[in-house]
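Spelled out from the first residue to the last, the chains are:
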Amino acid sequence: MRFHSVLVIVLLPILIAACGRTPVSSPPPTATVITYRDPSAPIAERVNDLLQRMTLAEKIGQMTLIEKNSLTPDLVRDLAIGGVLSGGGGYPQAENSPAAWAAMVNEFQQAALSTRLGIPLIYGADGVHGHNNLYGAVIFPHNIGLGAANNPQLMEQIGRATALEMAATGVFWNYAPAVMVPLDVRWGRTYEGYAERPDHVAALASAFLRGLQAPDIAAPNRVIGTPKHFLGDGGTAWGSSTTENYKLDQGETFGDEAFLRAVHLPPYQALIAEGAQTIMASYSSWNGQKMHASSYWLTDVLKRELGFAGFVVSDWAAIDQISPDYDQAVITAINAGIDMNMVPYDAQRFIDSLTRAVERGAVSEERIDDAVRRILTVKFAMGLFEQPFAHTALSDQIGSAQHRQLARTAVAQSLVLLKNDANLLPLPKDIGHLYIGGQAAHDLGIQAGGWTIEWQGRTGPIIPGTTILEGIQAAVSPQTVVEYNQHGRFTGDPGAADAVCIAVVGELPYAEGRGDSASLSLPPAENRVLRRMEEACVRLVVVLVAGRPLLVTDDLPKWDALVMAWLPGSEGAGVADVLFGDQPFRGRLPVTWPRSLDQLPVGSGDGQPLFPYGFGLTP
Ligand code: GLC
């Protein structure tokens, strides 16, 4: 259903009633266009017109963002909910397909449009490396690999492709790009970051946002982005987290205000200039105060000093961390500058709490109006009132060959060559024997990493795609004998003169604080593969599949070549493209590679890192 200019014929019924019959020569019906429904009206007028029609309950409903498993369409209607999200792994329970996604989103949207004022909801999800909760979507390399590729044009293309696949399912709000500046690679979210330098982050994140939001933010194939997590999420101190058994994630950001402004703020300045419509607050704290509770950073700096005119969304139940007294937590967060609360479970509890706060004057009507004005402005600017439903005409974009080729190119450009004794790489395609070991060589779940179908990701064939092994098998000549054994136990002779070994080893998938690592080591099984192949092979290439640098200092001398493949996603063939010379090695380290743990956070400790920021060999 498309709203053109909805004209409400107001006078005609009155005339009919007055004359008791249809007037013969009645004047042409005059129509009163309701301003907020008039797409030709200036957005500010539409917002003002709608705002003054809204009840407090309808306003607070707009500030409420609920996870789809905690909602029914009826509840969306009854509570006038303004936003619904799919959290990590939030695919339709019945079937994870584009059609099921579109049907799910459209059903919630239909309910929102059936409310008294018919305000469309905005549906969000984390499309952090493609539409990654959707089975069949192209899964791009995670950001750290794209940081190594450091190609803004490629980033913009990836943003555009991601938007097309998300818009096809009605998910017009992407909780990306993450613009953290990771300073300690032990952090489980390191791979969601582009680089340890703010200018590097800003350049790539801006390009991604450009691609995501398209030239016309009201176009049917656009998706609005969400720079996150404001502020200082990537600069926390080891051991400072109070969440679960996390060590870094959601911890206390170190550094004084000048440091935060120099290191963590620039990406937000860049993305506001790029047209960011929403920004997500950070779970982390600074100087003992939760960022979600900081009116200084959320309002004085972000909204006033930087002039951010969009809306600030909380992180998942992050408001609850402010105080054990939920009412107090809500009051503090909304007064600090949170405009929409990712509740995400109990809508009624949040709505009741905020209603009580307004009624007792703890949160002013002006603050509520400011938040709702921001939210409505974004919804009008992105054309949501005119085009609220999934653009299923774009469904053929999902998993398209073109997007897969784009992802494969991104994989190739992300690889970093860290060691290459005797110029072993690139390998000839007609090599006699290849011996390949490691679980990561043939596991799409490992090469995709976290935030893939499930929040934490999962090993195994969880997505369609090409494994690194399959890419290698397709690249070499028919005469080449390829033996693969996950455990590095071979029947042939990996030490033969015409043989080369490739150990493709990696981290098991993780997301957020569950990936915080005290050791930066590979899983024991993958280390055992390395030991076996170090013994059996004469020429050994190691390909690491991980979301961050790992401690390899002591083992590096035993390897002839080392390639960092990061988390390449669904198109593993991009790795073979470079290993066998179809594409050049061009990646450069976006983060410093530590020699030892005492060199973390970056800049700590003595001596040189194992590999510095910007390092990468070109054979
Ligand atoms: C998570 C993450 C955030 C994500 C949100 C919704 O906890 O911190 O990056 O966008 O919840 O999935």
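Residues numbered from 1 in each chain as written. Predicted model: local features only at pLDDT ≥ 70, side-chain atom pairs only at ≥ 80, totals over all residues. Heavy atoms only, no water.

Overview of the overall build of the chain
Step number 1: The helix and strand tally for the chain stands at 19 helices and 19 strands.
Step number 2: Whereas a compact globule of 619 residues would reach a radius of gyration of roughly 25 Å, the chain reaches 26 Å, a difference of no more than 12%.
Step number 3: Taken over the C-alpha atoms alone, the chain extends approximately 105 × 55 × 35 Å along its principal axes.
Step number 4: Looking at the chain as a whole, 62% of its 619 residues qualify as buried. (Helix = DSSP H or I, 4+ residues; strand = E, 2+ residues; numbered from the N terminus. Rg over C-alpha atoms; globule rule 2.2 N^0.38 Å. Buried < 20%, exposed > 50% of the residue type's maximum accessible area, 1.4 Å probe, protein only.)

What to know about the packing of aromatic side chains
Step number 1: Counted by the stated rule, this structure contains 14 aromatic pairs.
Step number 2: Ring geometry for F380 and F385: centres 4.1 Å apart, planes at 15 degrees, overall stacked.
Step number 3: Judged by relative accessible area, which is 3%, F385 ranks as buried.
Step number 4: Relative to F490, the ring of Y435 lies with its centre 5.3 Å away and its plane at 65 degrees, an arrangement referred to as edge-to-face. Here the residue Y435 occupies a position in strand β15 (residues 433–437), and F490 occupies one in the loop between β16 (481–485) and β17 (499–506), the gap between them amounting to 55 residues. Assigned by exposure class, Y435 and F490 land together as buried.
Step number 5: An aromatic cluster is defined as three or more aromatic residues linked by ring pairs; in this entry it consists of Y36, F380 and F385.
Step number 6: Taking the ring centre of F385 as reference, the NZ or CZ of R46 above it sits at 5.9 Å.
Step number 7: The positively charged end of R222 is found above the aromatic ring belonging to F172, 4.7 Å away from the centroid. (Phe/Tyr/Trp six-rings, centres within 6.5 Å; stacked < 30°, edge-to-face > 60°. Lys NZ or Arg CZ within 6 Å of the ring centre and 35° of its normal.)

Remarks on the layout of surface pockets
Step number 1: Considered as a void within the structure, the largest pocket measures approximately 400 Å³ in volume.
Step number 2: Taken together, 26 residues make up the lining of the largest pocket; nearest its centre are Y283, D315, W316, W455 and E512.
Step number 3: Residue classes in the lining of the largest pocket are distributed as 10 nonpolar, eight polar and eight charged.
Step number 4: Taken as a whole, the second largest pocket spans an internal volume of roughly 160 Å³. (1 Å grid on protein atoms, 1.4 Å probe; cavity = no way out; pocket = protein on both sides within 12 Å on 5 of 7 lines; lining within 4 Å. Points joined across faces, edges and corners; volume = space filled by probe spheres on them. Nonpolar A, V, L, I, M, F, W, Y, C, P; charged D, E, K, R; others polar.)

Regarding the domain arrangement of the chain
Step number 1: Its domain assignment divides the chain into domain 1 (35–397) and domain 2 (404–590).
Step number 2: The straight-line distance from the C-alpha centre of domain 1 to that of domain 2 is 35 Å.
Step number 3: Counting from both sides, the interface comprises 50 residues of domain 1 and, opposite them, 43 residues of domain 2.
Step number 4: A buried area of about 3,500 Å², summed over both sides, lies between domain 1 and domain 2, and 60% of it is on carbon and sulfur atoms.
Step number 5: Area buried by domain 1 at its contact with domain 2 is led by I139, A148 and Y191, which between them contribute 16% of it.
Step number 6: Our count for the contact surface shared by domain 1 and domain 2 stands at two salt bridges.
Step number 7: R514 is the partner of E244 in a salt bridge, and the nearest nitrogen-oxygen pair spans 3.6 Å.
Step number 8: Our count for the domain 1 to domain 2 interface comes out at 25 residue pairs in polar contact (both at pLDDT 80 or more).
Step number 9: Those elements that provide at least two residues to the side of domain 1 that touches domain 2 are α6 (143–149) and α7 (152–167).
Step number 10: It is α6 that provides the largest number of residues to the side of domain 1 that touches domain 2, a total of six residues. (Domains from an automatic or database assignment. Contact = heavy atoms within 4.5 Å. Buried area = accessible area lost by both parts, 1.4 Å probe. Salt bridge = Lys/Arg side-chain N within 4 Å of Asp/Glu carboxyl O. Polar contact = N/O pair within 3.5 Å; in protein donor to acceptor, adjacent residues only side chain to side chain.)

Overview of the pattern of salt bridges
Step number 1: Under the defined criterion, the tally for this structure stands at 30 salt bridges.
Step number 2: Notably, a salt bridge pairs D126 with K228, separated by 3.0 Å at the nearest N-O pair. On the criterion of sequence distance, the pair formed by D126 in the loop between β5 (122–125) and α6 and K228 in strand β7 (residues 228–230) is long-range, its members being 102 residues apart. In this pair, the class of D126 matches that of K228, namely buried.
Step number 3: A salt bridge links K558 to D555; the shortest N-O distance between them is 3.0 Å.
Step number 4: On the basis of relative accessibility, which here comes to 40%, the residue K558 falls in the partly exposed class.
Step number 5: Here the salt bridges share partners, and the residues they tie into one network are K303, D339, R367, D370 and R374.

A closer look at the environment of I351
Step number 1: Inspection of the secondary structure puts I351 in helix α13 (residues 347–359).
Step number 2: Between the alpha carbons of I351 and A57 there is a distance of 7.9 Å; along the sequence they are 294 residues apart.
Step number 3: Not counting chain neighbours up to four residues away, the residues in contact with I351 comprise I60, T64, L79 and I81.

Regarding the UniProt feature "domain: Glycoside hydrolase family 3 N-terminal" (unreviewed entry) in the chain
Step number 1: Within this numbering scheme, the UniProt entry marks residues 55–378 as carrying the feature "domain: Glycoside hydrolase family 3 N-terminal" (unreviewed entry).
Step number 2: Taken end to end, residues 55–378 comprises 41% helix and 10% strand; its first and last C-alpha atoms sit 20 Å apart. (UniProt positions renumbered as here; feature names shortened; annotations may be inferred.)

Describing empty space enclosed by the protein
Step number 1: All chains considered together, the criterion is met by seven cavities of 30 Å³ or more.
Step number 2: If you add up the space inside the largest cavity, you get close to 70 Å³.
Step number 3: Forming the boundary of the largest cavity are E58, Q62, A80, I81, A112, T115, R116, L117, G118 and I119.
Step number 4: The residue makeup of the lining of the largest cavity, split by class, is five nonpolar, three polar and two charged.
Step number 5: In this structure, the second largest cavity encloses a volume near 50 Å³.

Details of the sheet that holds strand β10 (residues 285–286)
Step number 1: The strand order across the open sheet built from three strands is β8-β10-β11, with neighbouring strands paired in mixed fashion. The sheet terminates laterally at β8 (252–253) and β11 (289–290), the two strands that pair on one side only.
Step number 2: As defined by bridge partners, β8 adjoins β10 across two bridges and the pair is classed as parallel. Paired with T253 across the strands is W286, a residue of β10. (Pairing = 2+ DSSP bridges.)

A look at helix α10 (residues 266–273)
Step number 1: If you check which residues of α10 are buried, you get P267, Y268, L271 and I272. Viewed end-on, α10 has its buried residues packed into an arc of 130 degrees, placing them on one side of the element.
Step number 2: In the core, the buried residues of α10 are packed alongside α8 (198–213), β7, α9 (257–263), β9 (278–281) and α11 (295–305).
Step number 3: Trailing α10 by a residue or two, G275 shows a phi angle of about 100 degrees, which is positive. (Arc of directions from axis to C-beta.)

Some words on the site of the ligand
Step number 1: The immediate surroundings of the ligand are formed by D126, Y175, R189, K228, H229, M280, Y283, D315, W316, M342, W451 and E512.
Step number 2: Contact between the ligand and K228: an oxygen atom at 2.8 Å from a side-chain N or O atom of the residue.
Step number 3: At a separation of 3.2 Å, an oxygen atom of the ligand approaches a polar side-chain atom of E512.
Step number 4: Taking 310 Å² as the accessible area of the ligand by itself, protein coverage stands at 96%.
Step number 5: Comparing atom positions with the cavity grids shows the ligand to sit within the largest pocket.
Step number 6: A per-class count over the shell around the ligand returns six nonpolar, one polar and five charged. (Near = heavy atom within 4 Å. Areas by Shrake-Rupley, 256 points an atom, 1.4 Å probe, with all protein chains shown as cover. Sits in = over half its atoms within 2 Å of the grid points.)

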